Amino acid sequence: AATATEMVLRRAGQGRGGVRMERETSHMGRMNSAMMVLAVSLLVSLPCCSALPSACGFVSSTSSFLRGRSNAQMLRPHSLCPSSPANILSSLRMSDDDKAEKVESALQKLAKADKVTEGEKKDPEDGKEPSGFVDDVVAWMNSDVGREEAFQWTLTFAIAISFRLFVMEPRFIPSLSMYPTFEVGDQLAVEKVTKYWRDYQRTDVVVFRAPPAFAEYVDSKKANEDLIKRIVAVEGDTVQVSKGKVYINGQQSTEPFINGPPNYEFGPVTVPPGMVLVLGDNRNASLDSHIWGFLPKENIIGRAVLKYWPLTRASLVQH
């Protein structure tokens, strides 16, 4: 195209003006050729560099960015762009290697954490894991849950023992000395609280520790047993048993709870201070005060108030 233009200009040019026009036309043709070479170079380099923009170091080709780059950088040869298959594979391998290193590092951290956890389970004294019943109990007691449960159990046990010692306790009937009020195997509740504000009275059924005189009539194994009887007279009362009747201070006592009239004679005697006289409801089959004497009040444990077993005979104790 440039050559054809020059020929036309030569034919049309005349004189010195024609020569000047020819020179200008030749100069324009050379400029057009340079611009075409530049355009072809850019077209050849663009596909290469757009294949892997991050790998080649290219960013968005905005006008401000293009103005900031030099012509040498814009016209970088195609052979210098690192977008060849070998380079791409090398980049992928490096990425895989980085992932493998990260996975291996994470596994090592998990292994260290497992070792720390196992170390915490070991006994701090000897570095060994707890083994055996004693070691398990010690480890349990050293834990927060173990201490809390131990406190709860200790508190419950202390309350139960205190209740039994100072408030109420269960008792078991081993004989028929109190028949028909109690039979063998009956279980009852004995309260220990009312004695602090209420004095013992006639007809109270009491549980007590056997006095020393009781040991003279039984085997040594039974000498310290606790007994249950009914109070017939308190301190200051005069008691007499005669002809199947019980007289308190000269008056016959009404006793609907006995098994039968007594067939023995006793008294008259006066109950000394701090003492009571007790007899069994089964008068003729009971080892009681008409044999071994008076009972000290301090030996009394408490009053029988409730028969709770068996359920078919459960009831309050008759006083």
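Owing to the predicted nature of the structure, the values given are computational and were not obtained by experimental measurement. (Residues numbered from 1 in each chain as written. Predicted model: local features only at pLDDT ≥ 70, side-chain atom pairs only at ≥ 80, totals over all residues. Heavy atoms only, no water.)

Caption draft 1: Quick look at the overall build of the protein. Looking only at helices and strands, the protein features nine helices and 12 strands. Within the protein, the fraction of its 319 residues that count as buried is 26%. Surface summary for the protein: the accessible area is close to 21,800 Å², and the carbon and sulfur share equals 59%. (Helix = DSSP H or I, 4+ residues; strand = E, 2+ residues; numbered from the N terminus. Buried < 20%, exposed > 50% of the residue type's maximum accessible area, 1.4 Å probe, protein only. Areas by Shrake-Rupley, 256 points an atom, 1.4 Å probe, with all protein chains shown as cover.)

Caption draft 2: Region of interest: the pattern of salt bridges. Counting across every chain of the model gives 14 salt bridges. Across the salt bridge formed by D144 and R147, the nearest N and O atoms sit 2.4 Å from each other. One end of the pair is D144 and the other is R147, both in helix α8 (residues 144–166) and three residues apart, which spans about a single turn. When its relative accessible area of 43% is taken as the criterion, R147 is described as partly exposed. For E169, the salt bridge is made with K192, and the minimal N-O distance between the two is 2.2 Å. Taken as a pair, E169 in strand β1 (residues 168–172) and K192 in the loop between β2 (187–191) and β3 (205–209) lie far apart in primary sequence, 23 residues in all. Like E169, the residue K192 is buried in the burial classification. Members of the salt-bridge network, linked through shared partners, are E169, R171, K192 and D226. (Salt bridge = Lys/Arg side-chain N within 4 Å of Asp/Glu carboxyl O.)

Caption draft 3: Just the nonpolar core, in detail. V206, F208, I231, V276, V278, L295 and I300 are the most contacted members of the largest nonpolar core, which totals 14 residues. Only β3, β4 (226–234) and β9 (275–279) provide two or more residues apiece to this core. Here this core gets three residues from one element, more than from any other, and that element is β4. Aside from chain neighbours lying at most four places away, what touches F208 is E225, D226, L227, I228, K229, V278, W292, L295, N299, I300 and I301. (Core = buried A, V, L, I, M, F, W, Y, C linked by side-chain atoms within 4.5 Å. Contact = heavy atoms within 4.5 Å.)

Caption draft 4: Spotlight on the packing of aromatic side chains. The full count for this structure, using the stated rule, is two aromatic pairs. Ring centres of F208 and W292 lie 6.2 Å apart, and the angle between their planes is 50°; on these two criteria the pair is classed as tilted. Highlighted residues: F208 in strand β3 and W292 in helix α9 (residues 289–292), separated in sequence by 84 residues. For the pair formed by F208 and W292, the shared burial category is buried. On the basis of an interplanar angle of 90° and a centroid distance of 6.4 Å, the ring pair of F214 and W292 is categorised as edge-to-face. Remark: W292 occurs in helix α9 and F214 occurs in the loop between β3 and β4; sequence separation between them is 78 residues. Note on accessibility: F214 and W292 belong to one class, buried. Taken together, the ring pairs connect F208, F214 and W292 into an aromatic cluster. (Phe/Tyr/Trp six-rings, centres within 6.5 Å; stacked < 30°, edge-to-face > 60°.)

Caption draft 5: Spotlight on the sheet that holds strand β8 (residues 266–270). Overall, antiparallel pairing links the four strands, which are arranged β7-β6-β5-β8 in an open sheet. Looking at strand neighbours, the two that pair on one side only are β7 (251–252) and β8, the edges of this open sheet. In this sheet, β8 lies alongside strand β5 (residues 238–242) in antiparallel orientation, the contact comprising three bridges. Bridging from a neighbouring strand, V241 pairs with F266 of β8. (Pairing = 2+ DSSP bridges.)

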